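# Tertiary structure, described
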Amino acid sequence: MTPQAKLIFISSLLLGSTITISSNHWITAWAGLEINTLAILPMISKSHHPRAIEAATKYFLTQATASTLVLFASMTNAWHTGQWDITQMTHPTSCLILTSAIAMKLGLVPFHFWFPEVLQGSPLMTGLLLSTVMKFPPITLFFMTSSSLNQTLLALMAVLSVAVGGWMGLNQTQIRKILAFSSISHLGWMTIIISYNPKLTLLNFYLYILMTAAVFLTLNSIKTLKLSTLMTTWTKTPALSAMLLLTMLSLAGLPPLTGFLPKWLIIQELTKQDMATMAVMISILSLLSLFFCLRLAYCATITLPPHTTNHIKQWRTNSPINTTTAILTVASTSLLPISPMIPTII
């Protein structure tokens, strides 16, 4: 892909996200989502590999269906109430359809089927965009309509997402699929609290972006896509592998790392809302995600040669660690001490 084409696609991504985030009318929000979809498709399929073409096709069909449902929900609401404003979504049927559409956009259970396959067929940097930037507009629509969404449906999808995201990630050997199921699990945590404290959902999303970007950039630096390759990275970049260990544990939500901060605040908020049973349930289910993140951390640092993998040992490189990766990695492991300040901000 030429630099000019890449610049056009990145600019279109930023434009589409900005249009959706800043719009009050459903038509402009829908247009921004469509611009985003059309901009990311060439970046998914740029390798011209059959797996990449398959991923782009699956992504296009799923996102087109979700966008159609968003338009249908907004038209149904306008038909009954005369309102096209995003915050005036009041008709119950329209709210139900909109919840399903945004869940499909994000990859929440039971609409999660496309996300691991698309991430597996995409390059690492495109996977980073799919996991972070492409989820920002749908999360914003969730935030703007949170007061009118069906809380029971959201709680059900959230618990299923945490359960399925943890369960399906257990037997994976491809790192991109593991990160996809980790993303589904994190989205469950964001969804369960959005009706009660939407700002806490945004805080969780920002920290998720921070940790996921650190993991993807680290994997891109060490050119690793599967567990058998990850087992040989310690001899190549020991410092980066050690920080990858901490970042993965933070992504799993292990105290005293940054990833524990949003989970702690969400459990606290659920307890205040008399949902202690739900808090206990998702806390126990999140142990599944902790297990496969521990597995990644184990393969990255503790499994040292000689071992039983048949992969060729990679040569040590002298390339310096990217400054962005270093900053994101430090931030994704050491922000827990600022947690007392968070409730006063949000």
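Residues numbered from 1 in each chain as written. Predicted model: local features only at pLDDT ≥ 70, side-chain atom pairs only at ≥ 80, totals over all residues. Heavy atoms only, no water.

### Some words on the overall build of the chain
- Helix and strand content of the chain: 16 helices and zero strands.
- Its C-alpha radius of gyration of 20 Å places the chain within 12% of the 20 Å reference for a compact globule of 346 residues.
- Across its three principal directions, the C-alpha atoms of the chain cover 70 × 50 × 35 Å.
- Within the chain, the fraction of its 346 residues that count as buried is 53%.
- For the chain, the proportion of contacts with a sequence separation of at least 24, taken over those separated by at least 6, is 78%.
- With an accessible surface of roughly 14900 Å², the chain has 70% of that area assigned to carbon and sulfur atoms. (Helix = DSSP H or I, 4+ residues; strand = E, 2+ residues; numbered from the N terminus. Rg over C-alpha atoms; globule rule 2.2 N^0.38 Å. Buried < 20%, exposed > 50% of the residue type's maximum accessible area, 1.4 Å probe, protein only. Contact = heavy atoms within 4.5 Å. Areas by Shrake-Rupley, 256 points an atom, 1.4 Å probe, with all protein chains shown as cover.)

### Quick word on the pattern of salt bridges
- Using the criterion set out here, one finds four salt bridges in the structure.
- Of the charged contacts, one joins Lys 58 and Glu 54 as a salt bridge, the two residues approaching to 2.8 Å between their closest N and O atoms. In this pair, Lys 58 and Glu 54 both sit in helix α3 (residues 50-81), four residues apart, roughly one turn of the helix.
- Taking the shortest distance from any N to any O, the salt bridge between Glu 117 and Lys 177 comes out at 3.4 Å. On the criterion of sequence distance, the pair formed by Glu 117 in helix α5 (residues 114-120) and Lys 177 in helix α9 (residues 175-193) is long-range, its members being 60 residues apart.
- Take Glu 117: its relative accessible area is 23%, and that puts it in the partly exposed class.
- Residues participating in the shared-partner salt-bridge network are Arg 51, Glu 54, Lys 58, Glu 117 and Lys 177. (Salt bridge = Lys/Arg side-chain N within 4 Å of Asp/Glu carboxyl O.)

### Describing unusual backbone geometry
- For the bond from Val 109 to Pro 110, the omega torsion is 10°, close enough to zero to count as cis.
- The topology assignment puts Pro 110 in the loop between α4 (92-106) and α5.
- Residue Pro 256 is reached from Pro 255 by a cis peptide bond, and omega for that bond is 5°.
- Within the secondary structure layout, Pro 256 lies in the loop between α12 (238-251) and α13 (260-272).
- Non-glycine residue Lys 223 carries a positive phi angle of around 55°.
- Its location among the elements puts Lys 223 in the loop between α10 (198-222) and α11 (227-230).

### Quick look at the packing of aromatic side chains
- This model, assessed by the stated rule, comprises six aromatic pairs.
- Judged by centre distance (5.4 Å) and plane angle (70°), the rings of Trp 114 and Phe 115 are edge-to-face. Taken individually, Trp 114 and Phe 115 each receive the classification buried, so the pair is uniform in this respect.
- Residues Phe 136 and Phe 205 carry aromatic rings whose centres are separated by 5.8 Å and whose planes lie at 10° to one another, so their mutual orientation is stacked. Here Phe 136 is found in helix α7 (residues 136-144), whereas its partner Phe 205 is found in helix α10, with 69 residues between them in sequence.
- The partly exposed category is assigned to Phe 136, whose relative accessible area is 25%. (Phe/Tyr/Trp six-rings, centres within 6.5 Å; stacked < 30°, edge-to-face > 60°.)

### Topic: the UniProt feature "domain: NADH:quinone oxidoreductase/Mrp antiporter transmembrane" (unreviewed entry) in the chain
- The feature "domain: NADH:quinone oxidoreductase/Mrp antiporter transmembrane" (unreviewed entry), as given by UniProt, occupies residues 23-289 in the numbering adopted here.
- Strand forms 0% of residues 23-289 and helix 74%; the C-alpha atoms that close the span are 35 Å apart. (UniProt positions renumbered as here; feature names shortened; annotations may be inferred.)

### Describing the UniProt feature "transmembrane region" (unreviewed entry) in the chain
- Per the UniProt annotation, the sites labelled "transmembrane region" (unreviewed entry) are residues 56-76, 96-115, 152-171, 178-196, 202-219, 239-258 and 278-298.
- Annotated as residues 96-115, this span is 65% helix and 0% strand, and its ends, taken at the C-alpha atoms, are 22 Å apart.
- Segment residues 239-258 splits into 65% helix and 0% strand. End C-alpha atoms: 19 Å apart.

### Details of a nonpolar patch on the surface
- Residues Leu 38, Phe 60 and Leu 61 make up a contiguous nonpolar surface patch of about 300 Å² in total accessible area.
- When you line up the elements, Phe 60 lands in helix α3. (Patch = residues over 30% accessible without salt bridge, like charges linked within 9 Å, V, L, I, M, F, W, Y side chains within 5 Å.)

### Comments concerning the packing of α9 against α13
- It is the contact of α9 with α13, at a shortest axis distance of 10 Å, that shows an interaxial angle of 35°. Between α9 and α13 lies a crossing of left-handed hand. Along the contact surface, α9 presents His 186, Trp 189, Ile 192 and Ile 193, while α13 presents Lys 263, Ile 266, Ile 267, Glu 269 and Leu 270. (Axes fitted to C-alpha atoms, helices over the stretch in contact; angles between N-to-C directions. Left-handed = near helix turned anticlockwise from the far one by under 90°.)

### Overview of helix α8 (residues 151-168)
- Over its 18 residues, α8 runs 25 Å from end to end, which matches the ideal 26 Å to within 8%, given 1.5 Å per residue.
- Listed in full, the buried residues belonging to α8 are Leu 154, Ala 155, Met 157, Ala 158, Val 159, Ser 161, Val 162, Gly 165 and Gly 166.
- Backbone nitrogen of Thr 152 and a side-chain oxygen of the N-cap are separated by 3.1 Å at the start of α8; the cap is Asn 150. (Expected span 1.5 Å × (residues − 1). Polar contact = N/O pair within 3.5 Å; in protein donor to acceptor, adjacent residues only side chain to side chain.)

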